[in-house]
Amino acid sequence: MSLSSDHQHPSWRPPESPSRIGITLETYILEGMLGFPAATGAFTSLLNQLVLTAKLVTSKVRRAGLANVLGYTGQTNVQGESVQKLDEVANETLLSVLGRQGHCAAMVSEELGDMRVLSSDPRAKYLVVVDPLDGSSNIDVNISIGTIFGVLRKEESKAGAEPSDFLRPGRDLLAAGYVLYGSSTLLVITTGLGGVHGFTYDPTVGEFFLSHEDIRIPEHGATYSINEGHSARWPESVRRWNAWIKEDAKPEGRPYGARYVGSLVADAHRTLLKGGIFAYPADRSGQGKLRLLYEANPFAFIFEAAGGKASTGIERVLDLTPRSLHERVPLVLGSPRDVDDFEQFMRGER
Ligand code: P6P
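Residues numbered from 1 in each chain as written. Predicted model: local features only at pLDDT ≥ 70, side-chain atom pairs only at ≥ 80, totals over all residues. Heavy atoms only, no water.

Visitor: Can you walk me through the overall build of the chain in this structure?
Guide: Helix and strand counts for the chain come out as seven helices and 17 strands. For the chain, with 350 residues in total, the buried portion stands at 57%. The long-range share in the chain, meaning contacts at least 24 apart out of those at least 6 apart in sequence, stands at 65%. For the chain, the accessible area works out to roughly 14100 Å², and carbon and sulfur atoms hold 50% of it. (Helix = DSSP H or I, 4+ residues; strand = E, 2+ residues; numbered from the N terminus. Buried < 20%, exposed > 50% of the residue type's maximum accessible area, 1.4 Å probe, protein only. Contact = heavy atoms within 4.5 Å. Areas by Shrake-Rupley, 256 points an atom, 1.4 Å probe, with all protein chains shown as cover.)

Written as structure tokens, this is what we have:
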């Protein structure tokens, strides 16, 4: 990668003619501006249900410091992780809202071991995958956390849903998005075709307003995001890439700066807007940490829709066929050039 010495790293900027900045997310969806080709009332209604869950969860997250939602429930989830009250609250909110309108046949959640049927009505056409509250270990220290979601279409012919309906490549997603509970609450969503758009929540009126229209990731960035505390477990190829990205090579735009929050939604969002690379590689055993269905796939769908890349380091994430609901994969998200560089090290070409 060669860059001129006066290279600027242009992060995302709002479009010149902000004609639609400021309209509500509901309007954006209702007027089909997400670009979904066969926008049906059911799909629009399902997206608005996801918006409602974001509003309900954000109201809880913003009060997380209060005793009644802070702290642990003493239970552990299917991943063996201690469940914080907010994890449960977010999961129950999603189950309750998505189960109400009959558009969603079933849901797979990080917080649930098995698929949860939400409607057996044959007219329930959609499946939802969610990480209700990702980064929950950061709740008690007030660091940004997030909700991640994806929407799949259920086969029309069959009534009800089975776990195997979810074991499809991420390229089949109809929509994906996340809610980042940070300095403000931001909902980013795409249907793949109509671009990636961000909506900022105004709690004084209870609405999400368009604030980031048509997010496009820069061709390359200036930061890398990886937990270097795990470097002893990385394969040699990742260690070589990690040393390379920190080399003093100004004409090539290196060293990159290190940025790592330890909350996927926060680290991925920064990478999406500013460019660069986020990596949670496999350890030497080949085991990744992040879950394919409701962490890797939704972000891979979003990054590709914004002109970025999403890889396991070896292959395109969206082409993977899941073998189980909670399968873990290595995940590399970022600017095209930065992900290409990482993959060249993984292939031993550098
Ligand atoms: P580590 C949070 O627990 C999470 O699932 C993701 O949000 C985050 O990217 C990752 O784990 C952080 O893991 O091993 O760096 O603490």
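Visitor: Could you clarify how one ought to interpret the site of the ligand in this entry?
Guide: Every residue near the ligand is listed here: D134, G135, N227, H230, Y260, G262, S263, L264, Y280, K289 and E295. L264 places a main-chain nitrogen or oxygen 2.8 Å from an oxygen atom of the ligand. K289 places a side-chain nitrogen or oxygen 3.0 Å from an oxygen atom of the ligand. In terms of residue class, the shell around the ligand is made up of three nonpolar, five polar and three charged. (Near = heavy atom within 4 Å. Polar contact = N/O pair within 3.5 Å; in protein donor to acceptor, adjacent residues only side chain to side chain. Nonpolar A, V, L, I, M, F, W, Y, C, P; charged D, E, K, R; others polar.)

Visitor: Is there a simple way to explain helix 7 (residues 336-346) in this structure?
Guide: Because each turn of an α-helix spans 3.6 residues, side chains separated by three or four positions in sequence point in the same direction. Where helix 7 is concerned, the buried positions are P336, D338, V339, D341, F342, E343 and F345. Positive phi appears at G348, one or two residues downstream of helix 7, with a value of about 75 degrees.

Visitor: Just checking my understanding: could you explain a nonpolar patch on the surface for this structure?
Guide: A surface patch of nonpolar side chains, about 220 Å² in accessible area, is lined by V141, I143 and V261. With respect to the helices and strands, the residue I143 is situated in the loop between strand 5 (126-134) and strand 6 (145-153). (Patch = residues over 30% accessible without salt bridge, like charges linked within 9 Å, V, L, I, M, F, W, Y side chains within 5 Å. Salt bridge = Lys/Arg side-chain N within 4 Å of Asp/Glu carboxyl O.)

Visitor: Hey, could you run me through the pairing of strand 10 (residues 207-212) in this one?
Guide: A regular strand places its side chains so that they alternate between the two faces of the sheet. Note that strand 9 (residues 196-202) and strand 10 share five bridges and pair antiparallel. Opposite F199, over in strand 10, you have L210 as the bridge partner. The antiparallel hairpin formed by strand 9 and strand 10 contains four residues in its connecting segment, where G206 sits at a positive phi of about 70 degrees. (Pairing = 2+ DSSP bridges.)

Visitor: What am I meant to see in helix 3 (residues 85-98) here?
Guide: Under the 1.5 Å per step criterion, the end-to-end length of helix 3 is 20 Å for 14 residues, consistent within 8% with the ideal 20 Å. Within helix 3 the residues assigned to the buried category are L86, D87, A90, N91, T93, L94, L95, V97 and L98. (Expected span 1.5 Å × (residues − 1).)

Visitor: Help me out: how do you make sense of the packing of helix 2 (residues 41-61) against helix 3 in this one?
Guide: Look at helix 2 against helix 3: their axes get within 9 Å of each other, and the N-to-C directions meet at 150 degrees. With respect to helix 3, the axis of helix 2 lies roughly antiparallel. As for the relative orientation of helix 2 and helix 3, their crossing is right-handed in sense. In this structure, helix 2 uses L46, Q49, L50, L52, T53, L56, V57, K60 and V61 to contact helix 3, whose residues at the interface are L86, V89, A90, T93, L94, V97 and L98. Among the residues forming the contact of helix 2 with helix 3, the class breakdown is twelve nonpolar, three polar and one charged. (Axes fitted to C-alpha atoms, helices over the stretch in contact; angles between N-to-C directions. Parallel < 35°, antiparallel > 145°, perpendicular 65-115°, else oblique. Left-handed = near helix turned anticlockwise from the far one by under 90°.)

Visitor: Explain the sheet that holds strand 17 (residues 331-334) to me, please; I cannot follow it from the model alone.
Guide: Remark on secondary structure: sheet strands pair via backbone hydrogen bonds, oriented parallel or antiparallel. Spatially, five strands are ordered 12-11-13-17-15 in an open sheet, and the strand pairing comes out mixed. Looking at strand neighbours, the two that pair on one side only are strand 12 (257-258) and strand 15 (309-311), the edges of this open sheet. Sheet topology note: the strand 15/strand 17 ladder contains three bridges and is antiparallel. Bridge assignment links A310 to a residue of strand 17, and that residue is L333.

Visitor: Explain the packing of aromatic side chains to me, please; I cannot follow it from the model alone.
Guide: Aromatic rings considered in pairs are described by the distance between their centres and by the relative angle of their planes. The final tally for this structure, using the stated rule, is seven aromatic pairs. Between the aromatic rings of F43 and Y126, the centroid separation amounts to 5.6 Å while the plane-to-plane angle is 55 degrees, which identifies the pairing as tilted. Taken together, the positions of F43 in helix 2 and Y126 in strand 5 put the pair 83 residues apart, joining distant regions of the chain. The burial state of F43 is the same as that of Y126; both residues are buried. Within the aromatic cluster, the residues linked to one another by ring pairs are Y224, W241 and F342. (Phe/Tyr/Trp six-rings, centres within 6.5 Å; stacked < 30°, edge-to-face > 60°.)

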